[in-house]
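Observations on the model geometry
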Amino acid sequence: LLDGFEIGDPVSGQLDARFSVDAVRTAQVQTGRFGVEYMHPGAAVLSFNTPEGDDRWRFTTTDFIPGIDVQAGLQLGSFYPRLAVSGPIERGKLWFSESISAQHSLAVINQLPAGQNESSQWGGDSLTRVLWHISANHSLHGSLLYNQASDNFLGLDALHPQSTTYDLASRRIFGSLRDQLYWEKTLFEVGFGGDSGMSTFSPQGTGPYILLVNGAEGNYFQRLHQEGQRYQVFANAIRTSLHWHGVHTLSLGANFSRVLLAQTTERGEIQALRVDGTLDRLTTFAGPASFGISNTMAGGFLQDSWKLNKYLVLQAGARTDWDHLVHAALAEPRLALNFLPFKDDRGKFSIGWGIYDVPLNLSVIGQTQDQEQVDTLYDANGKVPVSGPAVSRFLLPSGGLQQPYFDIASAGWQQRIGANMIVSAELLARDEHHGLVFETATPGQIGSDFLLRTSRRDKYRGVTLSARRQFANGTVLFATYTRSRARTDQVLDPTLGALYFAPQESGPLAWDAPNRFLSWGSVPTPVWGILFSYFLEYRTGYPFSSVNQQQFLIGTPNGLRFPSYTNLNVGFEKKFHFRGYIFAARLAVVNILSGHNANTVVNNVDAPNYLTFYGGQGRAVTGRLRFVGRK
């Protein structure tokens, strides 16, 4: 959410919108115990709130001097220049804020030849906010967000050279208007939002895409143009200070949204070659390559936050969401309790449970309106077809779909130790019901109907321990450890060009990492006033599957794992004065331990170097000069 409006991609729900970090006043993550006011929350809520300006003029600029990267020679590194300005249009009545940022990122693949081993990304964004104080109890809020980005050689890694990658050009614009009125201890608000985005994925050429046993060559097989839109409206009312056996805050509201996807695709052929270079499998595509799909959603909620006394708060609510593609409404009760057992508020216990609807992913459903895949298998000489051509297609079920949803239970404890240390423990159990999944009608052979069902069940269990300590000299240290398990009963996600002709099986989800440790900190040193900082991450390697050269699944899906990941970044920063301004010179070392941290693997059992790992960020040194402010 951005200032209360849905900002995830209208089609997939992913957070790909960009806005300057300087424009973020607060950022809150809620993985459990969140209320019924959130529409389409899925597994969690990430909400950003941004400033709107006031009667004081404010100006900041950061990282306006590009950083220098020393990794594959001296070159322009990743940098993120930002500019923010806010102030009054009419003092006491009308204010604005403007935040602009640009991004340049560079990735270097050490296993590829120099001059052919880099991918880069350029992007920019602008967030404009306006607040009009109409009267003492009436205000109008407006915002406009614009994004544009250009990514080169996406998909570049040790096994996929630049010719096999694609470029991405994207643009997005989001606008919103919120009217708030406070009257008789009740806050009334109405919000309107519109979102439109465009993405074009372009391969480097028009040649065939050639799958080798240990990588690829040629040109990527797909050119795709996608446009997504969302229109959203909501109305809420919040009544405070109702007294009955404590203090109640009642809230109710309704929301309506419409999302649309339009997609056009051009696909070439895929040739899978054996070790000796003979053709093993040929994949082509047939049928209409353009489609459009839309969905309409509506919902409503009622909630009571009941403060029985200063130590105990109970929140109970219910909402319902209706989905046009499902043709049904989902009931979503939610309960949460906060208990402060000590008079000095040094400890807090929280527990909650609820049902949360998952909006349907239009890009998944859209596959049922997309092209068909045609596969042919060849003899050992690569000349004579021995099977096929066989057609595969995605289909909708005749009985319709059910609404996916999560039921989430969580409990947490926070404890303050002394004045400067906080420790916490969090338990989380999350189950997805009726998840979208494609099931093959004829497993074990090429050519099949893949039927879309809402029968997938995902489960996550996790416990997180964390601690944060602030010292008198300004040192701040934070550490957290999560032990978790994320599994599904149907792990395969077939798409055009990457079909699995195998029955669905259970296994770990692609992001399952049973052990994860994070720590960061900053320490002022007595040496020239240098500030030392670090970021450390360790986690279990992510799972992956094995295939053969005919692209059939071999063994258990997601039955293998990458090596464990360890990364330590350190930085040294020195502030200095120049002509009445404060600047900071920073030197950072990324992956100072030079851990391998592979992100690519040869997963083809027919390859002579099967299970060889490649890639990962090597050690890199970056220098940066940033503007801090006036002296």
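Definitions and cut-offs
Residues numbered from 1 in each chain as written. Predicted model: local features only at pLDDT ≥ 70, side-chain atom pairs only at ≥ 80, totals over all residues. Heavy atoms only, no water. Patch = residues over 30% accessible without salt bridge, like charges linked within 9 Å, V, L, I, M, F, W, Y side chains within 5 Å. Areas by Shrake-Rupley, 256 points an atom, 1.4 Å probe, with all protein chains shown as cover. Salt bridge = Lys/Arg side-chain N within 4 Å of Asp/Glu carboxyl O. Helix = DSSP H or I, 4+ residues; strand = E, 2+ residues; numbered from the N terminus. Pairing = 2+ DSSP bridges. 1 Å grid on protein atoms, 1.4 Å probe; cavity = no way out; pocket = protein on both sides within 12 Å on 5 of 7 lines; lining within 4 Å. Points joined across faces, edges and corners; volume = space filled by probe spheres on them. Nonpolar A, V, L, I, M, F, W, Y, C, P; charged D, E, K, R; others polar. Buried < 20%, exposed > 50% of the residue type's maximum accessible area, 1.4 Å probe, protein only. Polar contact = N/O pair within 3.5 Å; in protein donor to acceptor, adjacent residues only side chain to side chain. Contact = heavy atoms within 4.5 Å.

Things to note about a nonpolar patch on the surface
On the surface, L177, V190, F192, V233 and F256 cluster together into a nonpolar patch covering about 400 Å² of accessible area. Mapped onto the elements, V233 comes out in strand β14 (residues 222–243).

Details of the pairing of strand β9 (residues 138–154)
Of the strand pairs in this sheet, strand β8 (residues 118–135) and β9 are connected by 14 bridges, and their pairing is antiparallel. Looking across to β9, one finds that L131 is bridged to H141. Here β9 pairs with strand β10 (residues 166–183) via 15 bridges, running antiparallel. Within β10, the position partnered with S143 by the bridge is S176.

Re empty space enclosed by the protein
Where empty space is left can be seen by rolling a probe of water-molecule size over the atoms. Considering all chains together, one arrives at one cavity of 30 Å³ or more under this definition. Looking at the largest cavity, its volume works out to about 60 Å³. Forming the boundary of the largest cavity are 15 residues, of which F34, Q315, R334, L335 and A336 lie nearest the centre. Secondary structure elements with two or more residues in the lining of the largest cavity: β19 (312–323), β20 (328–339) and β21 (347–357). No other element matches β21, which puts four residues into the lining of the largest cavity. Each residue belonging to the lining of the largest cavity can be placed in one class, and the counts come to seven nonpolar, six polar and two charged.

A look at the pattern of salt bridges
For the coordinates displayed, the defined rule picks out 23 salt bridges. E332 is the salt-bridge partner of R334, the closest N and O atoms lying 3.0 Å from each other. Across this residue pair, the class does not change: R334 and E332 are buried. Between D431 and R461 there is a salt bridge, with the nearest N and O atoms lying 2.7 Å from each other. Here R461 lies in strand β26 (residues 449–470) and D431 lies in strand β25 (residues 421–440), a separation of 30 residues in the sequence. Among the ionic contacts, a cluster of salt bridges with common partners joins D16, R172, D195 and R230.

Some thoughts on the side chain of R178
Take R178: it is sitting in strand β10. From its side chain, R178 meets the backbone oxygen of D3 in a polar contact 3.0 Å long. Not counting residues within four places of it along the chain, the set of residues in contact with R178 comprises D3, G4, F5, S139, L140, H141, E189, V190, G191 and F234.

Considering the layout of surface pockets
Empty space within the second largest pocket amounts to approximately 850 Å³. Along the walls of the second largest pocket sit 35 residues, with Y80, R586, A588, V590 and R624 positioned nearest its centre. Secondary-structure elements contributing two or more residues to the lining of the second largest pocket are β7 (94–108), β8, β9, β30 (531–539), β35 (565–578), β36 (581–590) and β39 (620–630). The residue inventory of the lining of the second largest pocket, partitioned by class, reads 12 nonpolar, 15 polar and eight charged.

Considerations on the environment of L273
Its location among the elements puts L273 in strand β16 (residues 270–273). Residue L273 is classed as buried on the basis of its relative accessible area, which comes to 14%. Residues L273 and A216 lie 57 residues apart in sequence; the distance between their C-alpha atoms is 9.7 Å. For L273, the contacting residues outside a window of four places in its chain are I210, L211, L212, V213, T278, L279, D280 and Q549.

Side note on the pairing of strand β29 (residues 515–524)
By the bridge criterion, eight bridges tie strand β27 (residues 476–488) to β29 in an arrangement that is antiparallel. Across the sheet, T480 pairs through a bridge with L518, a residue of β29. Taken together, the nine bridges between β29 and β30 define a ladder with antiparallel strand orientation. Within β30, the residue paired with P524 across the bridge is L531. Hairpin geometry of β29 and β30 is characterised by an intervening segment of six residues between the two adjacent antiparallel strands and by a positive phi of about 55 degrees at W528.

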